[in-house]
Amino acid sequence: MEASPDSPAAGLEAVFADMRPALIRRASAMGAGGDAEDVVQDVWLKIRNAEGPIANPQAYLLRMVYTAVLDRRRGVRRTAARDAAWSTPANLPEDGVQPADAERRLIAAQTLAVVEARLAAIGDPAAAIFRRHRIDGVTQRRLAEEFGMGLSTVEKHLRKVYAALLDLAGDEA
Amino acid sequence: MSATNTMIERDALNWLVRVNDPDFDQWDAWEAWLAADARHAEVYWRLAEAEGDAVEAMKTAPARTMPVIRRGFAWPRPAAIAASVGVLALGVAWIGWSALPQTHMIETAPGEQRTITLADGSTVVLDGATRLAMDRRKPREVTLEAGRALFEVEHDEAHPFLVEVGDTTLTDLGTIFDVTRLQDGARVSVSEGSVQVDAGAARTVLNPGDSAVSTPRGIERGSIAPEDVDGWREGRLSWNDERLSVVAQDLSRALNRPVSLAPSLADRRFSGSLNTTASPGQQKARLELLLGVSVVEDGEGWRLEPRPAP
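Residues numbered from 1 in each chain as written. Chains lettered and ligands numbered in written order. Predicted model: local features only at pLDDT ≥ 70, side-chain atom pairs only at ≥ 80, totals over all residues.

(A) The arrangement of the overall build of chain A in detail. For chain A, the helix and strand inventory stands at seven helices and zero strands. Across chain A, helices and strands are ordered from the amino to the carboxyl terminus as α-α-α-α-α-α-α. By sequence separation, contacts in chain A at least 24 residues apart represent 53% of the contacts at least 6 residues apart. (Helix = DSSP H or I, 4+ residues; strand = E, 2+ residues; numbered from the N terminus. Contact = placed C-beta atoms within 7 Å.)

(B) Representation of the interface of chain B and chain A. At the junction of the two partners, chain B supplies 55 residues and chain A supplies 49 residues. Mapped by element, the contributors of at least two residues to the side of chain B that touches chain A are helix H1 (3-19), helix H2 (27-36), helix H3 (38-60), helix H5 (83-98), strand E5 (138-146) and strand E10 (202-206) of chain B. In terms of residue count, H3 of chain B provides more of the side of chain B that touches chain A than any other element does, 16 residues in total.

(C) Quick look at the nonpolar core. If you look at the biggest cluster of nonpolar residues, it comprises 75 residues, and the most contacted ones within it are Phe151, Val179 and Val188 of chain B. Apart from residues lying up to four places away in sequence, Phe151 of chain B is in contact with Ser122, Val124, Val163, Ile176, Phe177 and Val179 of chain B. Counting residues in each nonpolar core, the second largest holds 17 residues, with Phe16, Ala27, Met64 and Tyr66 of chain A among its members. (Core = buried A, V, L, I, M, F, W, Y, C linked by C-beta atoms within 7 Å. Buried ≥ 20, exposed ≤ 12 C-beta atoms within 10 Å, placed from the backbone.)

(D) Seen up close, the packing of helix H5 (residues 126-134) of chain A against helix H7 (residues 151-165) of chain A. Residues and elements named next belong to chain A. Viewed as axis vectors pointing N to C, H5 and H7 meet at an angle of 95°, and their least axial separation amounts to 9 Å. Taken together, the axes of H5 and H7 lie roughly perpendicular to each other. Between H5 and H7, the contacting residues are Ala126, Ala127, Ile129, Phe130 and His133 on the first element and Val154, His157, Leu158, Lys160 and Val161 on the second. Looking at the contact of H5 with H7, its residues break down into seven nonpolar, two polar and one charged. (Axes fitted to C-alpha atoms, helices over the stretch in contact; angles between N-to-C directions. Parallel < 35°, antiparallel > 145°, perpendicular 65-115°, else oblique. Nonpolar A, V, L, I, M, F, W, Y, C, P; charged D, E, K, R; others polar.)

(E) Fine view of the packing of H7 of chain A against H1 of chain B. Two elements in contact, H7 of chain A and H1 of chain B, have axes whose closest approach is 10 Å; the angle formed by their N-to-C orientations is 120°. Here H7 of chain A is positioned oblique relative to H1 of chain B, judged by the angle of their axes. The handedness of the crossing between H7 of chain A and H1 of chain B is right-handed. Packed against H7 of chain A, whose contacting residues are Glu155, Leu158, Arg159, Tyr162 and Ala163 of chain A, the element H1 of chain B presents Leu13, Asn14, Leu16 and Val17 of chain B at the interface. Per-class residue counts for the contact of H7 of chain A with H1 of chain B are six nonpolar, one polar and two charged. (Left-handed = near helix turned anticlockwise from the far one by under 90°.)

(F) Local environment of the pairing of strand E11 (residues 210-215) of chain B. All names here are of chain B. Burial analysis of E11 places five of its six residues in the buried class, the great majority of the element. Pairing of strand E9 (residues 185-199) with E11, which is carried by four bridges, proceeds in the antiparallel orientation. Looking at the pairing, Ala186 lines up with Ser214 of E11. For E11 and strand E12 (residues 218-223), the ladder comprises six bridges, and the chain directions are antiparallel. Looking across to E12, one finds that Ser214 is bridged to Ile219. Hairpin geometry of E11 and E12 is characterised by an intervening segment of two residues between the two adjacent antiparallel strands. (Pairing = 2+ DSSP bridges.)

(G) A look at the confidence of the model for chain A. All names here are of chain A. Averaged over every residue, the pLDDT of chain A is 76; residues scoring 70 or more account for 72%. Across chain A, H5 holds the top mean pLDDT of 92, while helix H4 (residues 99-122) sits lowest at 73. Across residues 1-6, where pLDDT falls below 50, the model places seven contacts with residues more than four positions away in sequence or in other chains. A low-confidence stretch, residues 86-98 (pLDDT under 50), is modelled with 13 contacts involving residues beyond four sequence positions or located in other chains. (pLDDT = per-residue confidence, 0-100.)

(H) Just unusual backbone geometry, in detail. Going from Asp124 of chain A to Pro125 of chain A, the amide bond is cis rather than trans, its omega being 5°. Checked against the element boundaries, Pro125 of chain A lands in the loop between H4 and H5. The phi angle at Ala129 of chain B is positive, at roughly 50°, despite the residue not being glycine. Tracing the sequence through the fold places Ala129 of chain B in the loop between strand E3 (123-126) and strand E4 (131-135). For Ala129 of chain B, a count of 18 C-beta atoms within 10 Å puts it in the partly exposed group. For Asn256 of chain B, which is not glycine, the phi torsion reads 65° and is therefore positive.

The following block contains the structure:
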């Protein structure tokens, strides 16, 4: 191991080595299928750059695996969507911008406009709770204290925002 | 969607809300639910991916802004860190503001033209018999419910300007463009910059000199001289290989009288331009000459019919 024994990454790496088979099994169960080993390898690369003490390495690693599975799925879907959208030469911009970059920027900007509009329509406190939770990474328990409401109320607000963002009310339902 | 699928969606949403909590530790229970039915994993990941996209897009925003209150208002940094404080401080203003009506409509009479300036500095020139719906909560989104309008949009990378026209969504990429609501869709012509056109699964990007007609059958691309895009403001209509069914809709608005079309002419194409400021008598003669049709009086309107063979 390159990391010195007392660095935070070293402890995490030891836990990782112990948990590796379990993590692969988890990744597979989450839906990574044949990519499970690759997913866990992604996690390995990431934790070697981890900073600061990790309070609960097991929970941290499971979260990392989950995020890696999700990112992989999103990447695959984006590539497929891009291939479909840019298959006709007539659609290519001519200003020298790489279509993939241009499209990614556009999709992000466009998604942002829709997300902001929907958050604005829902209003606070639900929108503010969602931002604190998903952008600032504050736990639901902390948010319950911050906003002076019960945990289940925080969850209720979050469910409302998710449903609006994901179009569940109108969407085929 | 069946009741079962709706239920799966609801369960998936509940799981997603819980899994996204950094404190979440019920991985076994969640995995068991995923494995219980193939549809569980499918729906769960569909929602999780979409939510991930939304959060990632929010993280690309340069600063946390509150476009809903007024233009240019940004959360002060400390408030972004302690948003709860900001929410309390804004609470009173929020209640007062939210009591105001949020949507409003701008409508022009037939033959009237009007230029409006939006809160962000963008301008819209409305042609006659045009209806534009706006929402104070969404200053960068408008809906063209009827008629025709020319948009000159202040570009903002983080907050694209959206125009909804029926089932078609236009996203500006910094631009001047003309939009017409058609009976069965929308037409867009770009004079400067570029516009993305989305209609259902179809998508295309228009650059200066490009136009497109979006209908339930798809998006059909065309072209137009950029300087002709806003000719209608001076009473000059130009078409390039346009279907007569679309030309007739333009004429109805510009001439201020219903112009209908014999069905056999609907798909005939026309290229050329017409000055719409002449007297009705002159108009009629010009149309007959230009379009190669007969113009028949039809109540208050005109009906374009195939010219009888000589």
